[in-house]
Amino acid sequence: MAKTSLPLVAPELVPGLAFFPDIDFGVGLERLRAGFAAMPRPALPPELEAVACVERLIPGAPGDPEVRILHYTPPAAVPGRPVLLHMHGGGYVLGTPRIDIPKLQALAQTLDCVIVTVDYRLAPETRWPGSIEDTYGALKWL
């Protein structure tokens, strides 16, 4: 974020901006996506390593490719455990579910629930409603 625009940000949100890399939106979509993919991921605390994170492919909408999901399960399987369907940020153009691994493992552990996050197809390569169809496919799979 440009330093000249930082005073325009709500003060309580400023510390969260340190998480994001400096991004030049003029470099092109591929380089922008590569920057997000290369963001360092903090090491997991030992208590979060107990929350399993499994990558799966599930059926997509008819005629669409399979959808990749990440499936988080706290230790000690419990019948009837609640499930949360998560979509990563990025406005359907950027992002990946991998960026949220520590956050979602902590949430799964805290709430004692299963979490499924969707690696939906991104625009502009996939036109609307492709991303929504991928997420709906995950909802139906659940």
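Up top you'll find the structure we're talking about.
Residues numbered from 1 in each chain as written. Predicted model: local features only at pLDDT ≥ 70, side-chain atom pairs only at ≥ 80, totals over all residues. Heavy atoms only, no water.

K.L.:
Can you walk me through the sheet that holds strand S4 (residues 114-119) in this structure?
P.N.:
Sheets are built from strands paired through backbone hydrogen bonds, the pairs being either parallel or antiparallel. The mixed open sheet is built from four strands, whose spatial order is S1-S2-S4-S3. Where the open sheet ends on each side, the last strands, each with one partner, are strand S1 (52-58) and strand S3 (83-87). On average, each strand axis in the sheet is tilted by 25 degrees relative to the strand beside it, whichever way the strands run. Judged from the five bridges that link them, strand S2 (residues 67-73) and S4 form a sheet pairing that is antiparallel. (Pairing = 2+ DSSP bridges. Helix = DSSP H or I, 4+ residues; strand = E, 2+ residues; numbered from the N terminus. Axes fitted to C-alpha atoms, helices over the stretch in contact; angles between N-to-C directions.)

K.L.:
For this particular structure, what's the right way to read the pattern of salt bridges?
P.N.:
Where charged atoms of side chains with opposite charge meet at close range, the side chains can pair. Across all of its chains, the model carries seven salt bridges by this definition. For the salt bridge of Asp 119 with Arg 68, the shortest nitrogen-to-oxygen distance reads 2.8 Å. Within this pair, whereas Asp 119 is found in strand S4, its partner Arg 68 is found in strand S2, the two being separated by 51 residues in sequence. (Salt bridge = Lys/Arg side-chain N within 4 Å of Asp/Glu carboxyl O.)

So yeah, pure geometry; function would need other evidence.
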